[in-house]
Amino acid sequence: MTKRKHMANIKVLLMVKKINGEDPDPQREFPIAIRFIQRRKAKYKFIGHTSSLQNWDEEAQQVKKTHPRYKTLKVLIAKKKAEAEQAILDLEIREPVFSLEKLKRKISMAHATKSFFAFAEEYVEDILKRKKINVAKSEKSRIAGLKKFFKNQDVEFYDIDVDTLDKLRTHLIAEGKSLKTINNYLIMIRTIFNKAIRGGLIEREYYPFGGQDKIQLKQVNGKKIGLEDFELDKIR
């Protein structure tokens, strides 16, 4: 069977570095990582554990029995590799072509137990509990607009990155939405992300707002858009 060009390949390895150009000490510990390669580009996901060269089986992509935490790490590495392989399959079913960055985001957010829209519905319920009916109605309307943009498909947090939000902006502009309305959409998404991060659902590493090369809210009438009252309520 011909291998599809876009398919990502994975390998578990030690991130070995030479010291002053010399081969490393076999007893020196190095991070264990999963390497993803696609179209000759590579990304790495560290599993948070280490091994020495003498305790690592490169061919088997596993720790040797001589490793002091052999049983635990053997199970963990197998689990992490299986999760990576499953993530690739899941993305291939949904998207004919996907980026390594999206794959890494999906694996990192694999522990997220709720989709973006499921979490967004809880967010609106929280606003209703605070008796802020008008705010809840506005946010619910924006969520409906987002569902339309995503063609009524369920969306995971890893789906919402800088590129996706740029496309959302373009979509809303094409619909004739004002800059203030577009900012309100982005503020809502930003608030939901912040709530999910504080709740431990996702990692801040994949927060698509603020900073260089991320989404920044545009100014309206020369005024910088900041947090709205209901956002501040969530933080207090």
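Quick caveat: nothing in here was measured; it's all calculated off a predicted structure.

## Some remarks on the sheet that holds strand β2 (residues 29–38)
Pairing is antiparallel across the open sheet formed by three strands, whose spatial order is β1-β2-β3. What marks the edges here is a single partner per strand, and that holds for β1 (9–14) and β3 (41–52). Strand-to-strand, the axes of this sheet are offset by a mean angle of 20 degrees, without reference to chain direction. In this structure, β1 lies alongside β2, joined through six bridges in antiparallel fashion. By the bridge assignment, I10 is partnered in β2 with F36.

## Comments concerning the pairing of β3
One ladder, built from nine bridges, connects β2 with β3; its direction is antiparallel. Directly across from I37, in β3, lies its bridge partner A42. As consecutive antiparallel partners, β2 and β3 are separated by two residues, and within that stretch R39 has a phi angle of approximately 50 degrees, a positive value.

## Observations concerning unusual backbone geometry
You will see that Q61, though not glycine, has its phi angle at about 55 degrees, which is positive. Topologically, Q61 is positioned in the loop between β4 (56–57) and β5 (62–63). One non-glycine residue, K151, lies in positive phi territory at about 55 degrees. The topology assignment puts K151 in the loop between α4 (133–149) and α5 (162–174).

What counts and how
Residue numbers here run from 1 along each chain, matching the order of that chain's written sequence. This being a predicted model, a pLDDT of at least 70 is required before a residue's local features are given, and a value of 80 or more before pairs of side-chain atoms are given or counted; all residues contribute to the totals for chains, interfaces and linings. Calculation of side-chain values draws on the structure's entire complement of heavy atoms; hydrogens and water are dropped beforehand. The criterion for strand pairing is that DSSP finds at least two bridges linking the strands in question. A run of H or I in DSSP becomes a helix once it reaches four residues, and a run of E becomes a strand once it reaches two; helices and strands are each numbered from the N terminus. Structural elements are reduced to axes, namely lines fitted to C-alpha atoms, with helices fitted over the stretch in contact, and the angle between N-to-C directions of any two is expressed from 0 to 180 degrees.

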